[in-house]
Amino acid sequence: MFNRLKKAFSKFVESVVSTVKEDTLSEKDVNEVISNLYFDLIENDVAVEVADAVTEELKKRLIGVKVPRFGDKEAVVKKAVLEALIGVLSDVPDVDFYQDSKNRLETSRPVTVMFLGPNGYGKTTTLAKLAYHLQERGFRVVAAAADTFRAGAREQLEEHGRRVGFRVIGGSYGADPASVAYDAVQHARSKGFHYVLIDTAGRMHTDANLMEELRKIQRVVEPQYSIFVFDAQLGNEALEIARYYSKYVKIDGMIAAKVDAYPKGGSILTFLYTLKRPVYFLGVGQSYKDLVQFTKQEYVSQLLT
């Protein structure tokens, strides 16, 4: 994963090492190679404001760093780059969704998870993947088919439910989505389910009716987690849509879908830095098993391996 962004950082580290002429990295040493990295970041879906922040942080961390004359210069530079990237993301929390939601179950059952995002981003499939993993951990899951306007939306979710083994609560075509979500929560509460996963509509995001529909679901159900699912391949286009959503509805965290088909890697860095919300999971394949937990440390470390 993220091969292109990894290559950009690898090239940067090599360039810094080959530029070093003294025991200490000078401003001239760093500036000579930082501009190339900047353009590589932009080419790999890192937004301009994020590329600015990364390169500025790198300058702070690298200029004046002591470099062994005969030792492992690369290790010293990599450490500084790692610390710079972690520094840029310092105000973005890491959240272990499984542990965090398990803690919530002790005081609030069921835990309700609302999925947000445009059609085609992988929202419904991601919901089914999370249902699979929660059931593997011994939890009982029910889903709400709260996309009541798109033809086939309920049937799509029900097919996932049949394959994975979770029940779907739905309404008639055109029913009030908030009522469907509410009914699912009440059903879960009465039957002792642990989690309610709410699938929502994702038609054109600038549709004011859609935003009001999503806001109503949040008012009625008060989900503990509202998760924006974004297609990692769409880069800054997906970011602008997420920003639009965040003006109208609460976003607690994110899931990056289709990461297995995304060699660039920069959109994840951009989403973290810009929205200041945790990424809970990465979708890394077609199987229901292909949902992996995300941490900033692991992501940054991967970029430097």
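Sequence order as written defines the numbering, with residues in each chain counted from 1. Totals for whole chains, interfaces and linings use every residue, but because this is a predicted model, local features are given only for residues with pLDDT of at least 70 and side-chain atom pairs only at 80 or more, for both listing and counting. Hydrogens and water molecules were not included; the side-chain quantities draw on all heavy atoms of the structure.

### Points about the nonpolar core
So, point 1. By size, the foremost hydrophobic cluster in this structure holds 82 residues, and its most contacted members are Phe228, Phe230, Tyr245 and Ile268.
So, point 2. Throughout, the edges of the domains are those of an automatic or database domain assignment. For this core, the two domains that each supply at least three residues are domain 1 (3-89) and domain 2 (97-303).
So, point 3. Here, residues are in contact when the closest pair of their heavy atoms is within 4.5 Å. Excluding anything up to four places from it in sequence, phenylalanine 228 contacts Leu116, Gly117, Pro118, Ala238, Ile241, Ala242, Tyr245, Ile251, Gly253, Met254, Ile255 and Phe271.
So, point 4. The next biggest cluster of nonpolar side chains, apart from the first, holds 31 residues, and it includes Val141, Ala145, Val229 and Phe281. To form a nonpolar core, buried Ala, Val, Leu, Ile, Met, Phe, Trp, Tyr and Cys residues must be joined to one another through side-chain atoms within 4.5 Å. Only protein chains enter the calculation, and the probe is 1.4 Å; a residue is then buried if its accessible area is under 20% of its type maximum, exposed if over 50%, and partly exposed in between.

### Describing the packing of aromatic side chains
So, point 1. Ring pairs shown here join Phe, Tyr and Trp side chains whose ring centres sit within 6.5 Å, with only the six-membered ring taken for Trp; geometry is labelled stacked below 30 degrees between planes, edge-to-face above 60, and tilted in between. Evaluation of the coordinates by the stated rule reveals 13 aromatic pairs.
So, point 2. With centroids separated by 5.5 Å and ring planes inclined at 85°, the aromatic side chains of tyrosine 38 and phenylalanine 39 adopt a geometry described as edge-to-face.
So, point 3. Exposure remark for phenylalanine 39: the relative accessible area of 51% places this residue in the exposed category.
So, point 4. Ring pairing ties together the aromatic residues Phe97, Tyr98, Tyr225, Tyr280 and Phe281, which thus form one cluster.
So, point 5. Any Lys NZ or Arg CZ that is within 6 Å of a ring centre and within 35 degrees of that ring's normal is treated as a charge sitting over the ring. The ring of tyrosine 225 has arginine 104 sitting right over it, with the charged end atom 4.8 Å from the ring centre.

### Brief notes about the packing of helix H1 (residues 3-19) against helix H2 (residues 27-43)
So, point 1. Here the axes come from fitting lines to C-alpha atoms, over the contacting stretch only for helices, and the angles between their N-to-C directions go from 0 to 180 degrees. Under the scheme used here, helices are H or I runs from DSSP no shorter than 4 residues and strands are E runs no shorter than 2 residues, and both carry numbers assigned from the N terminus. Remark: H1 packs on H2, axes separated minimally by 9 Å, with the N-to-C direction vectors making an angle of 170°. As far as their axial angle goes, H2 and H1 are roughly antiparallel. Where H1 approaches H2, its residues Leu5, Ala8, Phe9, Lys11, Phe12, Ser15, Val16 and Thr19 are matched on the opposing element by Asp29, Glu32, Val33, Ile34, Leu37, Asp40 and Leu41.
So, point 2. Residues are sorted three ways: Asp, Glu, Lys and Arg are charged, Ala, Val, Leu, Ile, Met, Phe, Trp, Tyr, Cys and Pro are nonpolar, and all the rest, Gly among them, are polar. Looking at the contact of H1 with H2, its residues break down into nine nonpolar, two polar and four charged. By the definition adopted for this analysis, an angle is roughly parallel if under 35 degrees, roughly antiparallel if over 145, roughly perpendicular if from 65 to 115, and oblique otherwise.

### Considering the UniProt feature "domain: SRP54-type proteins GTP-binding" (unreviewed entry) in the chain
So, point 1. When the UniProt feature table is mapped to this numbering, "domain: SRP54-type proteins GTP-binding" (unreviewed entry) covers residues 278-291.
So, point 2. Taken end to end, residues 278-291 is 0% helix and 43% strand, and its first and last C-alpha atoms sit 15 Å apart. UniProt positions are given in the numbering used here, feature names are shortened, and annotations may be inferred rather than shown by experiment.

### What to know about the pattern of salt bridges
So, point 1. Each salt bridge in this description consists of a side-chain nitrogen of Lys or Arg and a carboxyl oxygen of Asp or Glu lying within 4 Å of one another. One pass over the structure, following the stated rule, counts 19 salt bridges.
So, point 2. The closest approach of N and O atoms between arginine 162 and glutamate 159, which form a salt bridge, is 2.5 Å. Taken together, the residues span about one helical turn, with arginine 162 and glutamate 159 both in helix H7 (residues 153-164) at a distance of three residues.
So, point 3. For arginine 162, a relative accessible area of 59% corresponds to the exposed category.
So, point 4. Lysine 258 serves as the salt-bridge partner of aspartate 231, at 3.4 Å between the closest nitrogen and oxygen. Taken together, the residues span a long stretch of sequence, with aspartate 231 in strand E5 (residues 225-231) and lysine 258 in the loop between strand E6 (253-257) and helix H11 (266-275) at a distance of 27 residues.
So, point 5. Salt bridges sharing partners connect three or more residues here, namely Glu49, Glu240 and Arg243.

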